[in-house]
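# Structural overview
What follows is the residue order along each chain.
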There are 2 protein chains.
Amino acid sequence: MKPNEPVLPSRQIADDLREEIASGQLPPGFKLPAVRVLAARYGVTQGPVLKALAALKAEGLVNAIHGSGVYVREAHPVRRLGPDRYARHHWQATTVEARVDGRADSPAVIQQGGQSQDVRLTEADERTAAALGIEVGAPVYERARVMTRDDTPTHTMTSYYRQADVEGTPLVDARPGIAGRSGGFQVLTDQGLPPHQITEDLAARMPTADEALLLELPAGEPVVELHRVTRTADGRPIEYARGIHAASRFAWSYTFEIPD
Amino acid sequence: MKPNEPVLPSRQIADDLREEIASGQLPPGFKLPAVRVLAARYGVTQGPVLKALAALKAEGLVNAIHGSGVYVREAHPVRRLGPDRYARHHWQATTVEARVDGRADSPAVIQQGGQSQDVRLTEADERTAAALGIEVGAPVYERARVMTRDDTPTHTMTSYYRQADVEGTPLVDARPGIAGRSGGFQVLTDQGLPPHQITEDLAARMPTADEALLLELPAGEPVVELHRVTRTADGRPIEYARGIHAASRFAWSYTFEIPD
DNA sequence: TAGTGGTCTAGACCACTTC
DNA sequence: AAGTGGTCTAGACCACTAA
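Below you will find a few notes about this structure. All residue numbers here refer to positions counted from 1 along the written sequence of the relevant chain. Chain labels run from A onward and ligand labels from 1 onward, assigned in the order the entries are written. At least 70 in pLDDT is required for a residue's local features to be given in this predicted model, at least 80 for side-chain atom pairs to be given and counted, and no such filter applies to totals for whole chains, interfaces and linings, which use all residues. In computing side-chain properties, one takes all heavy atoms of the structure into account and sets aside hydrogens as well as water.

Before going further, it helps to examine the interface of chain A and chain B. Pairs of residues are marked as contacts when any of their non-hydrogen atoms sit within 4.5 Å. Every contact between the two is made by 36 residues of chain A and, on the other side, 36 residues of chain B. Of all residues in chain A, A:Tyr254, A:Phe256 and A:Ile258 bury the most surface against chain B, accounting for 23% of the area lost on that side. Criterion for a salt bridge: a side-chain nitrogen of Lys or Arg within 4 Å of a carboxyl oxygen of Asp or Glu. The interface formed by chain A and chain B holds four salt bridges in total. Here A:Arg88 ties to B:Asp260 by a salt bridge, and the two come within 2.7 Å at their closest N and O atoms. Polar contact is the term for a pair of N or O atoms within 3.5 Å; when the atoms are in protein, one must be able to donate a hydrogen and the other to accept it, and sequence-neighboring residues count only if both atoms are side-chain atoms. Here chain A is connected to chain B by 22 residue pairs in polar contact (both at pLDDT 80 or more). We define buried area as the total accessible area lost by two parts upon association, computed with a 1.4 Å probe and summed across both.

Taken together, 25 residues surround DNA strand C, and among them A:Val35, A:Leu50, A:His66, B:Pro9 and B:Thr45 come closest. Residues are classed as near a molecule or strand on a simple rule: at least one heavy atom within 4 Å of it. Each atom of DNA strand C within 4 Å of the protein was classed as base or backbone; sugar and phosphate made up 66%. Between DNA strand C and the protein, one listed contact pairs a sugar or linking oxygen with a backbone N or O atom of A:His66 at 2.6 Å. B:Pro9 is positioned with one of its backbone polar atoms (N or O) 2.9 Å from a phosphate oxygen of DNA strand C. A run of H or I in DSSP becomes a helix once it reaches four residues, and a run of E becomes a strand once it reaches two; helices and strands are each numbered from the N terminus. If you list the elements that add at least two residues to the surface near DNA strand C, you get α2 (35-42), α3 (46-58), β1 (62-65) and β2 (69-72) of chain A together with α1 (9-22) and α3 (46-58) of chain B.

All names here are of chain B. Axis lines are fitted through C-alpha atoms, for helices just across the contact stretch, and the angle between N-to-C directions can take any value from 0 to 180 degrees. Where α1 contacts α3, the two axes come as close as 8 Å, and the packing angle between them is 45 degrees. Taken together, the axes of α1 and α3 are oblique relative to one another. At the point where α1 passes α3, the crossing takes the right-handed sense. Contact residues: α1 offers Ser10, Ile13, Ala14, Leu17 and Arg18, while α3 offers Pro48, Val49, Lys51, Ala52, Leu53 and Leu56. The residue makeup of the contact of α1 with α3, split by class, is eight nonpolar, one polar and two charged. Roughly parallel here means an angle under 35 degrees, roughly antiparallel means over 145, roughly perpendicular means 65 to 115, and every remaining angle is called oblique. What makes a crossing left-handed is the near helix being turned counterclockwise from the far one by less than a right angle; a clockwise turn instead makes it right-handed. Here the nonpolar group is Ala, Val, Leu, Ile, Met, Phe, Trp, Tyr, Cys and Pro; Asp, Glu, Lys and Arg are the charged ones; every other residue, Gly included, is treated as polar.

Next comes the structure, spelled out in structure tokens:
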């Protein structure tokens, strides 16, 4: 028993607001009372109120816009990622066309979301080398993408390929729209390296400052780091990719048989 | 260009400490200078220093112990979870014995970690019912466990079974140690319901207050919520489980073939 | 320009740990 | 008892937003 739990104002304020948000009394998009108003209501100074709001921001419940107000956050739909997203019929037929119109929001490209692309030749770091079965420092093509949905970034995905595997293909054409959205698999197939098997490694953590900025993450939103190694039927690695996902926007699903 | 980025003391302090931790200058377990010392060093009051420390705590980099000091957090070893952990040879042979000695730390049971167990008969909620293919409110056995490693809890795992599937088996014996560690699969096999296929759904988020308390999570540590449905070879669901994992202690790995 | 979120000072006070 | 993290007051000030 803790009979004399002291009532911390900042804690009380946070709890009250959390409750009002959960109950729908403060619906998404709703503007909270001003800091000074809340302070007066609870008979405290600004400090504790700001502390309470910081906690709610850390929980991703509210979103403060500087000179404007504090708003209840809109809930984002969760996208469920299963093996189906790699299904052959998604990319098999898709001839890789050169969309050189440059419109980043070209409907054919974005398909429920856009992406930027940045291709460069670089050297394999330790993990990339291990995944692709090459030596550290060997030349690899890096294809960095930032995926967007509803005009806000949802995740990054940076792929690495052995230089020889993709040299001269549309994949290493830096123009935006080229080989977007799984086009990579089609290109590899054209190169005689059809993808067959995928290994995905997942881990969750808090974002670095850079990641939080890039993905426009609210304070207190974790990320999921995903590492993917794609291999041909005979086990040869052809792509290593690592992505950072805003955790609240995704769920992963895997089905497998129990091994012996 | 932002030439005149103002230097916020709290930001500066956090950045400096973060850098010193990353560089190993402040190794894990090391005690940081006292709040008042840092304040004097930077020529500020306690406020900004506490704010900086709050940020580091939120990132999981440091751990404050009240009257004692602020310490650089120890890194825990990461356990990699692949399908192998369900392999038959792990539980097939393991005859389910009744370990009624009551010693929770009996070596045969803990096997690199302990677990508590709590069994009760309850009613299926919506998700459980959907997973097990039964009606909402139907009776199910709930087997709640808290897994421990190095004397600190790492994750919870709560399984649900149709009442008829496990009635009278060691699984529903609440005595600790009974049917621990995957013993559930052996029991189901004995019941003529050998597990064959598993579907796992994962999502990451910040913990609720309850979860943070139960798992002794430091501020700023996310959790991974895992839902598992186990089925027999003919697709009949026999177990639904949901677990909460301390994110920093696990990584998940899945390998699958690209579908058509 | 008025109202907003946000940072900060200077100091008081409390709770906890360590010696 | 001394030192620690942590919350709070009262008020100043700044940066941003909206009308």
